[in-house]
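Chains, contacts and geometry: an overview
Here are the chains, one letter per residue:
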Amino acid sequence: MIDLNIKFRFRKFKIYIDARKFVKEIKELSLRKFPKAVMFSLLSQLWRALDSIILNIAEGADRGTDKDFAHFLNQSHTSLNEVVACLDVALDMKYVSEAEHIDALEKAAGLADQLTAFRKSLLNNPIK
């Protein structure tokens, strides 16, 4: 049997595992709280940005160099920034409560810290 975590190395990275959890939580929150009227605007944009977080981690993991991978982690971080902006709009429009907004932003901040640390470690200590 093939070890899929070796074949797809990104699946073992803590940042990927945590990002998947974050994506799921924010998608579930938005499905419960956002009105149907924004399904093809704000909700769609939020989901594309959420997907981009994990997709950039996955895509970058198989690039030729860890410097290239670090670039994709930066792209993932910029998508996370976009998620935060969408959540700010959701708060302003009263789609989410202040407490839900703060909780989501705290989780986003944790991911941002992980992405930054992983990117720096790749640039300073390449993965073997």
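Our structure is the block above this text.
Residues numbered from 1 in each chain as written. Predicted model: local features only at pLDDT ≥ 70, side-chain atom pairs only at ≥ 80, totals over all residues. Heavy atoms only, no water.

**Quick notes on the environment of Ser-97**
Filter applied, for reference: In this text, helices come from DSSP runs of H or I with a minimum length of four residues, and strands from runs of E with a minimum of two, each type numbered from the N-terminal end.
Locating Ser-97 in the fold gives a position in the loop between helix H4 (66-92) and helix H5 (98-124). Note: C-alpha distance between Ser-97 and Glu-25 (72 residues apart in sequence) is 15 Å.

**Quick look at the packing of aromatic side chains**
Basically, it comes down to this: Aromatic pairing here means that ring centres of Phe, Tyr or Trp (its six-membered ring) are within 6.5 Å. Orientation follows from the plane angle: under 30 degrees is stacked, over 60 is edge-to-face, and everything else is tilted. Type-normalised accessible area, obtained with a 1.4 Å probe on protein chains alone, sets the label of each residue: buried when under 20%, exposed when over 50%, and partly exposed for intermediate values.
What the rule picks out here adds up to 6 aromatic pairs. Between Phe-10 and Tyr-16 the ring centres are 4.9 Å apart and the planes differ by 75 degrees, which places this aromatic pair in the edge-to-face class. Assessed through its relative accessible area of 14%, Phe-10 is described here as buried. Between Phe-34 and Tyr-95, the aromatic rings sit 5.5 Å apart at their centres with planes inclined by 45 degrees, giving tilted as the arrangement. Taken together, the positions of Phe-34 in the loop between helix H2 (14-33) and helix H3 (42-61) and Tyr-95 in the loop between H4 and H5 put the pair 61 residues apart, joining distant regions of the chain. Of the residues examined, Phe-34 reaches a relative accessible area of 7% and is grouped as buried. Since its relative accessible area comes to 16%, Tyr-95 is described here as buried. Site record: aromatic cluster; members linked through ring pairs are Phe-8, Phe-10 and Tyr-16.

**What about H4?**
Stated precisely, the cut-off is as follows: Under the convention used throughout, the expected extent of a helix is 1.5 Å for every residue step, that is, one less than its residue count.
If you check H4, its first and last C-alpha atoms are 39 Å apart, about what 27 residues at 1.5 Å a residue would give, namely 39 Å. Looking one or two places after H4, you find Lys-94, whose phi comes out positive at around 65 degrees.

Function cannot be inferred from these measures alone, as they are strictly geometric.
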